[in-house]
Amino acid sequence: MMKTSASDHQLNRHMRTYIGRFAPSPTGPLHFGSLVAAVGSWLQARHQQGRWLLRIEDIDPPRVVQGSAEQQIATLTRFGLKADGPVQYQRQFHDRHAMALERLLALGLAYPCGCSRRDLPADGIYPGTCRNGIPDGRTGRSIRMRTDRASTIEIHDRVQGDISEHPGQRTGDFVIRRADGLIAYQLAVVVDDHASGVTEVVRGADLIGSTARQVHVYQALGWQSPDWMHLPLIVDEHGRKLSKSERDDPIETRPDGEAMRLALRALGHEPSPVRKTLSGMLDWALENWNPERIPRGPVAIGTQPGH
Ligand code: GLU
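Now for a description of the structure that goes with this document. (Residues numbered from 1 in each chain as written. Predicted model: local features only at pLDDT ≥ 70, side-chain atom pairs only at ≥ 80, totals over all residues. Heavy atoms only, no water.)

### Structural notes on the packing of helix H2 (residues 32-47) against helix H9 (residues 278-287)
At step 1: At a minimum axis distance of 9 Å, the contact between H2 and H9 shows a crossing angle of 55 degrees. By the angle between their directions, the pair H2 and H9 is classed as oblique. Here H2 runs over H9; the crossing is right-handed. Contacts between H2 and H9 involve Val39, Trp42, Leu43, Arg46 and His47 from the former and Leu282, Ala285 and Leu286 from the latter.
At step 2: Classifying every residue of the contact of H2 with H9 gives six nonpolar, one polar and one charged. (Axes fitted to C-alpha atoms, helices over the stretch in contact; angles between N-to-C directions. Helix = DSSP H or I, 4+ residues; strand = E, 2+ residues; numbered from the N terminus. Parallel < 35°, antiparallel > 145°, perpendicular 65-115°, else oblique. Left-handed = near helix turned anticlockwise from the far one by under 90°. Contact = heavy atoms within 4.5 Å. Nonpolar A, V, L, I, M, F, W, Y, C, P; charged D, E, K, R; others polar.)

Right under this line is the structure:
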């Protein structure tokens, strides 16, 4: 099997081989907001003759809904979004996650923590209790990434603009291995994007608050971080985040062509009405793709047909 090494990653950068990805968690059917992220990341990759990878983030078994990965893949296929190469399943990458964790511990950039959720202050920002050793009477539960010596991260997001954020700003030292032994999203996503040579992460704006933490992990591991592009959050006509209820989801309530048109509209690329088929709409969006047209959001969509 071919492995992607750090030097391949550099080479990819040098040759400007674009590698993008879509990385859904298999916690239920694909929702409209995820379709927007999938379509946006697919267009951005295809427009640069790049590769578009699909990674199922099934790293959190308690949250995985049986059959939903297959269902999500089938929905993507129905909408004409097919991955380059085999679909990846994040659970298969445990060894490389564990190696990265060991490295961060060995570098003194991560440490065991004996606190439970109950010990956190109301603002949810971890105060660094176990940073210099676990207090007597407690045992290590989770592993946290140090943020106290980090500097502010500058993110140049292709849609959201420039963002300056300290990696500890939202959560303090953050968990990279959970108390239940599972590798946390913040570490797994970095390790896997790096291993796949991803050059740009295109995803929903609900994840923008994780980006500074992820760049911090890239830096700690000595890896070049990818470029970033956070697509607008999709809200309903009342400005609320789209409900998780399938009853209101355009993917469920509308014909595929209408759902695709809405997704492209949310991305600032609504095709002319003469484009009626799914592939006709996607082809048009690809020919006319320009990230500058993507709104920062949030973007409101009517959830009922006819809106
Ligand atoms: N698996 C994450 C989710 O579905 C997304 C990860 C990412 O795109 O960075 O919310």
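Picking up where we left off.
### Regarding the site of the ligand
At step 1: Neighbouring the ligand are the residues Arg21, Ala23, Pro24, Ser25, Glu57, Tyr185, Val189, Arg203 and Leu207.
At step 2: The side chain of Arg21 places a nitrogen or oxygen atom 2.7 Å from an oxygen atom of the ligand.
At step 3: Separating an oxygen atom of the ligand from a side-chain N or O atom of Arg203 is a distance of 2.8 Å.
At step 4: A breakdown of the residues in the shell around the ligand according to their chemical character gives five nonpolar, one polar and three charged. (Near = heavy atom within 4 Å. Polar contact = N/O pair within 3.5 Å; in protein donor to acceptor, adjacent residues only side chain to side chain.)

### Looking at the environment of Arg254
At step 1: Along the chain, the position of Arg254 falls in the loop between helix H7 (250-253) and helix H8 (256-266).
At step 2: Relative accessible area serves as the criterion here: at 7%, Arg254 is assigned to the buried category.
At step 3: When the C-alpha atoms of Arg254 and Val191 are compared, they prove to be 37 Å apart, with 63 residues separating the residues in sequence.
At step 4: Polar side-chain contacts of Arg254 include one of 3.4 Å to the side chain of Glu258. (Buried < 20%, exposed > 50% of the residue type's maximum accessible area, 1.4 Å probe, protein only.)

### Comments concerning the pairing of strand E5 (residues 142-145)
For a regular strand, side-chain orientation follows a simple rule: the groups alternate between the two sheet faces.
At step 1: Here E5 shows a buried face lined by Ser142 and Arg144 and a second buried face lined by Ile143 and Met145.
At step 2: Judged from the four bridges that link them, strand E4 (residues 110-113) and E5 form a sheet pairing that is antiparallel. Paired with Ala110 across the bridge in E5 is Met145.
At step 3: Judged from the three bridges that link them, E5 and strand E8 (residues 174-177) form a sheet pairing that is antiparallel. (Pairing = 2+ DSSP bridges.)

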